[in-house]
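This is what each chain is made of:
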Amino acid sequence: VQLQASGGGLVQAGGSLGLSCAASGRTFSDYVMAWFRQGPGKEREFVAAIRWSGGGIWYGDSVKYRFTMSRDRAKNTVNPQMNRLNPEDTAVYYCAAGPRLISSTVRQPTKYNYWGQGTQVTVSS
C-alpha cells in the first residue's frame, strides 16, 4: 500500500493551495482517508477526513470553512483544497488511511494504519 502526497509549497497569507494524496496497493472502499499536519514544535493535528465510500466528511476546527475535502475515484486521490491560508497553517501535511473508522475516531491519528511521506506547506506573512 502506498500513499503519495503532493502539492505542497510556499504561498502567501490569504492564498490557496491544493494537496493530493494518491492511494494505491489495495481497495479503499471501507477506509477513511485523512490529512493530518504537524507544525514546528507542535503535535500532529487533524486537518480533514473523508469516507472513501461516501457519507462522511470531517474537518478540524482550525480549518473548517477554509478547507474543502474531496475525492476522485477515477484517479484514486483525496484532495484538500486549502483557502485563506495563514502562517499558522505552516506544517508538514500527511495523508493517512484507516479501516472502518466511525465518526468519533476519525480525528485520532492512532486509528490510521497507512501513512504517506508528508508534503511541506509554508505560508508566508
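Anything mentioned here points back to the structure above.
All of these numbers come straight from a predicted model, not from anything done at the bench.

K.L.:
Account for the overall build of the chain, naming residues and giving values.
P.N.:
Scanning the chain from N- to C-terminus turns up zero helices and 12 strands. Beginning at the N terminus, the succession of helices and strands in the chain can be written as β-β-β-β-β-β-β-β-β-β-β-β. Against the 2.2 N^0.38 benchmark of 14 Å for 125 residues, the chain shows a C-alpha radius of gyration of 13 Å, consistent with a compact globule. In terms of overall dimensions, the chain has C-alpha extents of about 40 × 30 × 25 Å along its principal axes. Taking all 125 residues of the chain together, the buried fraction comes to 46%. Accessible surface, the chain as shown: approximately 6200 Å² in total, 48% of it carbon and sulfur.

K.L.:
Can you lay out the state of the cysteines for me, pointing to particular residues and giving the numbers?
P.N.:
By the definition in use, this model includes one disulfide. A sulfur-sulfur separation of 2.4 Å characterises the disulfide bridge that pairs C21 with C95. In this structure the cystine formed by C21 and C95 twists about its S-S bond by roughly 65 degrees; its chirality is therefore right-handed. Residue C21 is located in strand 4 (residues 20-24), and its partner C95 is located in strand 10 (residues 91-99); the two are separated by 74 residues in the primary sequence. Neither C21 nor C95 differs from the other in exposure class; each is buried.

K.L.:
Break down the side chain of R51 for me, with residues and values.
P.N.:
Locating R51 in the fold gives a position in strand 6 (residues 45-51). In this structure R51 is buried but unpaired, with D30 as the nearest side chain of opposite charge at 9.0 Å. Ignoring any residue separated from it by four or fewer positions in sequence, one finds R51 in contact with Y31, V32, G56, W58, R71, L101, I102 and S103.

K.L.:
So what about the pairing of strand 1 (residues 2-6)? Which residues, and what values?
P.N.:
Alternating residues of strand 1 divide into L3 and A5, all buried, and Q2, Q4 and S6, none buried. Strand direction decides the pairing type here: strand 1 and strand 4, joined by five bridges, are antiparallel. Paired with S6 across the strands is S20, a residue of strand 4.

K.L.:
So what's going on with the pattern of salt bridges? Which residues, and what values?
P.N.:
Applying the stated criterion across every chain, the model contains four salt bridges. Across the pair R37 and E45 runs a salt bridge, and its minimum N-O distance is 2.9 Å. What makes R37 buried here is its relative accessible area of 5%. A salt bridge links D89 to R37; the shortest N-O distance between them is 2.8 Å. With D89 in the loop between strand 9 (77-82) and strand 10 and R37 in strand 5 (residues 31-38), this pair connects stretches of sequence that are 52 residues apart. Both residues of the pair, D89 and R37, belong to the buried class. Among the ionic contacts, a cluster of salt bridges with common partners joins R37, E45, R66 and D89.

Calculation criteria
Residues numbered from 1 in each chain as written. Predicted model: local features only at pLDDT ≥ 70, side-chain atom pairs only at ≥ 80, totals over all residues. Heavy atoms only, no water. Helix = DSSP H or I, 4+ residues; strand = E, 2+ residues; numbered from the N terminus. Rg over C-alpha atoms; globule rule 2.2 N^0.38 Å. Buried < 20%, exposed > 50% of the residue type's maximum accessible area, 1.4 Å probe, protein only. Areas by Shrake-Rupley, 256 points an atom, 1.4 Å probe, with all protein chains shown as cover. Disulfide = S-S within 2.5 Å. Lys, Arg positive; Asp, Glu negative; His and termini not counted. Salt bridge = Lys/Arg side-chain N within 4 Å of Asp/Glu carboxyl O. Contact = heavy atoms within 4.5 Å. Pairing = 2+ DSSP bridges.

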